[in-house]
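# Architecture at a glance
Single-letter residue listing:
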Amino acid sequence: MLKEKKEAITPTKEEQEILTGKDGLQRYFKKIKEILKEYMDMNEGAYSLVALWIIGTYLHKQFSSYPYLFFNAMKGSGKTRILKIISNLSKNGKVAGSMTEAVLFRTAYERTLCIDELEGINAKGNENLKLLLNSAYKKGLNVERMRKDKNEGQIVEEFEVYCPIAIANIRGLDNVLYDRCISVILERSSKKEITRLIENFENDINFKTIRGGLLRITENIGDNFNWFGDLFTEWNSCTKGNEFNKEYKELFDKIGNENIEGRNLELFFPLFIIADMCGDRVLNEVVEISKTIIKERKEKDREENSDVQIYEFVAQYEDTGFISVADLVKQFKEFGEYGDSDKWVSSIWFGRGLRRLNLVLDDRRRQKREVRLNIEKAKEKLKTLIEPDKIDFQEELKGVLA
């Protein structure tokens, strides 16, 4: 359900110090990592990411978007266990063994949802659920439904679906939903000191202590607070080359120097802010983790995106003048390792792709249709898609801070 919106309140320094002081987020970050290491066998970066994401469930209303957390693993790798840990440490966490559209929008408000075995999201009948999941990571999506009132009339009931969501499955997610997630791969552990542990998270005093502590230090942060609004405004001013609050210079340097942008910036920015509140070392660590994950995401996109493959193919081509589209298709199939079963990679499909991407300088028809390729255009575009030039953020800031 929705609450009445109030005017945003900017927190005082004393209120902010409750989160960043010695008994603040840094302490709970360490405690959550200890629990994760006790029960889960993951790489070091995954422990930090999951810990920060859990802390963020207590602050997520202060962000305009919050990334989904996705665990992809084979059977027996601890998917259900990690979701139980998250649900028992997060704000109002709940594990759902199955999910429908109605369950999502009726239970999302003020909850952290952990969805286990989300395998049939693309099945017929799940279109509305898929639509909600593709949108619910951003604030502002509300679902309206009609219901009867006590006088048998019809009234509109509105539900807010923006909430932190953790997902686990075996088969993976489609590109659209995956694009809203920070993904963690789980592998089956061989450590008996972990696999032989009995799960009793609901009654574990350490879980209760962490959850109670995070609730205590965030209890006054409601929808009407503006904890990070100024920071977002200052970031945009800095990005545009305008004056901004020098208090944020170090944070902006660390994020800006990595040239993270678009959806990747949207996903990681809340975690960067929470990491910064946990200390410089934590921020440095999560920035490095983000670089690895973003590189892997780009490689995955490149493999699955045929347009990028066309850019790569043309960029490595030598300018030999006109060449037939049929010959280009044969070479492209070898380049992309397509087989005889990939009949969709045809001369018509490839020719349309070249034109759509503006990679044809000229064409002519002899015995076969021939084209001259815009190789330089492909090289330029490929740089922005795969290996963007690093921006020297320090140099950009000098003029503003002078």
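Residues numbered from 1 in each chain as written. Predicted model: local features only at pLDDT ≥ 70, side-chain atom pairs only at ≥ 80, totals over all residues. Heavy atoms only, no water.

### Observations concerning the environment of Phe207
By the element assignment, Phe207 lies in helix α9 (residues 205–218). Owing to a relative accessible area of 0%, Phe207 belongs among the buried residues under this scheme. A sequence separation of 118 residues divides Phe207 from Leu89, and the C-alpha atoms of the two residues are 6.0 Å apart. (Helix = DSSP H or I, 4+ residues; strand = E, 2+ residues; numbered from the N terminus. Buried < 20%, exposed > 50% of the residue type's maximum accessible area, 1.4 Å probe, protein only.)

### Here's the deal with helix α10 (residues 229–239)
An α-helix turns once per 3.6 residues; consequently, residues spaced three or four apart project the same way. When we look at burial in α10, the residues that qualify are Gly229, Leu231, Glu234, Trp235, Ser237 and Cys238. Positive phi appears at Gly241, one or two residues downstream of α10, with a value of about 85°.

### Comments concerning the packing of aromatic side chains
Aromatic ring pairs: the centre-centre distance and the angle between the two ring planes describe each pair. One pass over the structure, following the stated rule, counts 22 aromatic pairs. For the pair Trp235 and Phe269, a centre-to-centre distance of 5.3 Å together with 65° between the ring planes defines the contact as edge-to-face. Here Trp235, found in helix α10, pairs with Phe269, found in helix α12 (residues 262–277); they are 34 residues apart in sequence, far enough to count as distant. Accessibility expressed as a relative area gives 9% for Trp235, which makes it buried. Taken together, the ring pairs connect Trp53, Phe63, Tyr66, Phe228, Phe232, Trp235, Phe244, Tyr248, Phe252 and Phe269 into an aromatic cluster. One cation-aromatic arrangement involves Arg364 over Phe322; the distance from NZ or CZ to the ring centre is 4.0 Å. (Phe/Tyr/Trp six-rings, centres within 6.5 Å; stacked < 30°, edge-to-face > 60°. Lys NZ or Arg CZ within 6 Å of the ring centre and 35° of its normal.)

### Quick word on the pairing of strand β6 (residues 165–169)
Taken across its five residues, β6 has five buried, putting it largely inside the fold. As judged from the four bridges shared by strand β1 (residues 68–73) and β6, these two strands associate in the parallel manner. Residue pairing across strands places Leu69 opposite Ala166, the latter belonging to β6. In terms of strand pairing, strand β3 (residues 112–116) meets β6 through four bridges, oriented parallel. Bridging across to β6, Cys114 finds its partner in Ala166. (Pairing = 2+ DSSP bridges.)

### Quick look at the sheet that holds strand β7 (residues 181–186)
Sheet architecture is open: five strands sit in the order β2-β3-β6-β1-β7, paired in parallel fashion. With partners counted over all chains shown, the strands left at the sheet margins are β2 (93–96) and β7, one partner each. Taking the axes of each pair of neighbouring strands and ignoring which way they run, one obtains an average angle of 15° across the sheet. Packed on one face of the sheet, helix α3 (residues 44–56) meets β1, β3, β6 and β7 and runs near 140° to β1. (Axes fitted to C-alpha atoms, helices over the stretch in contact; angles between N-to-C directions. Contact = heavy atoms within 4.5 Å.)

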